[in-house]
Amino acid sequence: MGNMPVDQTVFLTLVTSIRERECARLFIDSLRSFGGKLSDCPIWLFEGAPQRAPCDTLTQTGLKIVPLTPPDIVRDYVLADKVCACAQAEALATPKIQSLVWFNPDCLVIRPPLLLELAASFDVAIRPVHIRNVGLPATAPLDGYWRKIYEAVGVQDIQATVDSFVDAQHIRAYFNTHAFAVNPFKGLFCRWLNCFETLVCDQEFQSDACQAERHKIFLHQAVLSALIATSIDPRRLRILPPDYSYPYNLHQSVPLDRRAMILNDLVCIAYEDRPLDPTIVDDIEIHEPLRSWLSARTS
């Protein structure tokens, strides 16, 4: 090994159900198969509520299974496990780790995701959201939801904007969290958990501006977006291109001029509940070797 740095990039994912365990197995296999120079990177798999399937079904070289220990005050809140896993990973990170790369378990790596390796040049690499959802138009006045989120991160408002990929809305900075990378020594994940906890425990906020289900579901994403917009130098924020975190789950909704024609051309995708079996997918081309690889695992 000589003086070559090791473990500079670590991949993270989370399982809290049997289905997520199966998805995680496919994700890990895809990274090992198609990750190029990142294919041998360590993977930390955070494990939530006790699993009925034995842990050793996911044991392989370079995979570390970490029990998730969420704080009681957020334990039952929707998607809190993701925030807690990231904060735990940040606390475990050693000085030689420059990139913590999060992937939801229902994502797939198709080509080497090299832009998720931050090295010394970037502190965050991430995509804008696919659809506006709870995002706020760039020129709209603050609503109660975002006002409280910005207050939690210590600002009154932000100037940063993005364009959502699928519905092309110009909105205040709001990022997708299927797959992204963070430099652990920015302390971003710890602040994420702290701000998230504050808002989850704010009963007035929860019963008013955050009452709707979609506001609860995407609170974790909104808080992280606000933190990135306010604490990361824009020159050190890498906005990933559309072939990263491509919304395969929303493929039919992607405008034709931006819709992928060949699955192999994408770097990584979020598929959620959408089928991957090449024998039933008929709206995107799937070439070899990916076609056989998917057939062997999904048919």
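Keep in mind that what you see is a predicted model, and the values were worked out from it rather than measured.

### Some details on the pattern of salt bridges
Under the counting rule described, the total for this entry stands at 15 salt bridges. Among the ionic pairs, E151 bridges to K148, the shortest N-O distance being 3.5 Å. Residue E151 and its partner K148 are located together in helix 3 (residues 144-153), separated by 3 residues, close to a single helical turn. With a relative accessible area of 26%, K148 lands in the partly exposed category. Ionic pairing is found between D257 and R258, a salt bridge with its closest N-O pair at 3.9 Å. Three or more residues are tied together by salt bridges with common partners; here these are D123, K186 and R236.

### As for the sheet that holds strand 4 (residues 99-103)
Taken together, 7 strands build an open sheet; the order of strands is 3-2-1-4-9-6-10 and the sheet is mixed. This sheet does not close on itself; its edge strands, each paired only once, are strand 3 (63-67) and strand 10 (237-239). The average angle at which neighbouring strand axes cross in this sheet is 25°, direction not considered. Alignment of strand 6 (residues 124-128) against strand 9 (residues 175-182), held across 4 bridges, turns out to be antiparallel. Within strand 9, the residue paired with R127 across the bridge is N176. On top of the sheet, helix 1 (residues 18-34) reaches strand 1 (9-15), strand 2 (43-47), strand 3 and strand 4; it is set at about 160° to strand 1, its chief contact.

### Details of the environment of S231
With respect to the helices and strands, the residue S231 is situated in helix 7 (residues 219-231). Taking the relative accessible area as the measure of exposure, S231 reaches 28% and is therefore partly exposed. Along the primary structure S231 and G154 are separated by 77 residues, whereas in three dimensions their C-alpha atoms are 10 Å apart. Among all residues touching S231, those that are not within four sequence positions of it are L188 and R191.

### Some remarks on the sheet that holds strand 12 (residues 268-270)
Spatially, the 3 strands line up as an open sheet ordered 5-12-11, and their pairing is mixed. If you trace the sheet from one side to the other, it starts and ends with strand 5 (107-109) and strand 11 (246-247), each paired once. Examined bridge by bridge, strand 11 and strand 12 share 2 bridges and lie parallel to one another. Along strand 12, the bridge assignment pairs P247 with A270.

### Examining unusual backbone geometry
In this structure, P289 follows E288 across a cis peptide bond, with omega equal to 0°. Mapped onto the fold, P289 is located in the loop between strand 12 and helix 8 (290-298). A positive phi angle, near 50°, is found at A168, a position not held by glycine. With respect to the helices, strands and loops of the structure, A168 is situated in the loop between strand 7 (161-163) and strand 8 (170-172). When its relative accessible area of 46% is taken as the criterion, A168 is described as partly exposed.

### Some thoughts on the pairing of strand 1
Taking burial as the measure, the 7 residues of strand 1 include 7 buried ones, the bulk of the element. What you see with strand 1 is no split at all: T9, F11, T13 and V15 on one side and V10, L12 and L14 on the other are buried throughout. In this structure, strand 1 lies alongside strand 4, joined through 4 bridges in parallel fashion. When the bridges of strand 4 are listed, F11 appears paired with V101. Bridging between strand 1 and strand 2 involves 5 bridges; their strand directions are parallel. Pairing of L12 across the sheet is with W44, part of strand 2. With helix 1 bridging strand 1 and the parallel strand 2, this β-α-β connection has right-handed handedness.

Cut-offs applied
Residues numbered from 1 in each chain as written. Predicted model: local features only at pLDDT ≥ 70, side-chain atom pairs only at ≥ 80, totals over all residues. Heavy atoms only, no water. Salt bridge = Lys/Arg side-chain N within 4 Å of Asp/Glu carboxyl O. Helix = DSSP H or I, 4+ residues; strand = E, 2+ residues; numbered from the N terminus. Buried < 20%, exposed > 50% of the residue type's maximum accessible area, 1.4 Å probe, protein only. Pairing = 2+ DSSP bridges. Axes fitted to C-alpha atoms, helices over the stretch in contact; angles between N-to-C directions. Contact = heavy atoms within 4.5 Å. Right-handed = clockwise from strand over helix to strand, strands pointing away.

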